[in-house]
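# Coordinates in review
Here is what each chain is made of, one letter per residue.
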Amino acid sequence: MKGILSLQGGRLITLQQRLATLKGHLVEINAPNTGLEPGRLEHIYKSNFIKVQGELFVPNSLNSIRVFDTKPPRKSIIVGVRTTFPSGSAFNRIRLVRIGSDFIELMGKGKSPSRILFPLNKVEGIYRAK
């Protein structure tokens, strides 16, 4: 697991700080009982809120935030992630890009480059995938 934590290379950032670098991107909000179409990340507030398509969300209460049109990461490690919500085998073999102070960042699967941000309170465990 030491390799996973060495991805950082610097200080840990918060979910709000990471989202601030992604302002203007198309995002998909995934939350319990919520099915929203992707919308633009319009604003990141210092007080734990973000605005997407005119609606306010608390990122740490969401299951995940998928951010589209991102650059491929320089480094990543193939891992499995166990979540607090049902996710089947969606995260059994996925690339871990970053561990922040209160979130993890994964590289989305599929043709379009994307990132998936998980608040740590939605992550039960991370393990090396074989």
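Residues numbered from 1 in each chain as written. Predicted model: local features only at pLDDT ≥ 70, side-chain atom pairs only at ≥ 80, totals over all residues. Heavy atoms only, no water.

## Things to note about the nonpolar core
Spelled out, the test is: Buried Ala, Val, Leu, Ile, Met, Phe, Trp, Tyr and Cys residues form a nonpolar core when they are joined through side-chain atoms within 4.5 Å. Classification of residues uses two cut-offs on accessible area relative to the type maximum, computed with a 1.4 Å probe and protein chains only: under 20% is buried, over 50% is exposed, and between them is partly exposed. Strands here mean DSSP runs of E at least two residues long; helices mean DSSP runs of H or I at least four residues long; both are numbered from the N terminus. Any two residues whose heavy atoms approach within 4.5 Å at even a single point are treated as in contact.
L19, I29, L41, I50, I65 and L117 are the most contacted members of the largest nonpolar core, which totals 17 residues. Taken together, the elements giving at least two residues each to this core come down to α2 (15-20), β1 (26-31), β3 (39-44), β4 (50-52) and β6 (64-68). Apart from residues no more than four positions distant in its own chain, L19 is found in contact with L41, I44, I50, P59, I65 and L117. Counting 13 residues, the second-largest nonpolar core is a separate cluster that includes V79, L96, I116 and F118.

## Overview of the pattern of salt bridges
Put simply, the rule reads: For salt bridges, the criterion is a side-chain nitrogen of Lys or Arg within 4 Å of an Asp or Glu carboxyl oxygen.
In this structure the tally under the stated criterion is three salt bridges. The residue E105 makes a salt bridge to R98 at a minimum N-O spacing of 3.0 Å. A salt bridge links R115 to E105; the nearest nitrogen and oxygen atoms lie 2.5 Å apart. Residue R115 is found in strand β10 (residues 114-119), and its partner E105 is found in strand β9 (residues 103-107); the two are separated by 10 residues along the sequence. For the pair R115 and E105, one class covers both residues: buried. Each of R18, R98, E105 and R115 takes part in one network of salt bridges that share partners.

## Regarding unusual backbone geometry
At Q53, a position not held by glycine, the phi torsion is positive, near 50 degrees. Relative to the helices and strands, Q53 resides in the loop between β4 and β5 (55-57). Unusually for a residue other than glycine, D69 sits at a positive phi of about 60 degrees. Of note, D69 is situated in the loop between β6 and β7 (77-83).

## Looking at the environment of S76
Along the polypeptide, S76 turns up in the loop between β6 and β7. Residue class for S76 comes out partly exposed when judged on its relative accessible area of 23%. Remark: the alpha-carbon pair of S76 and R98, spanning 22 residues in sequence, is separated by 7.8 Å.

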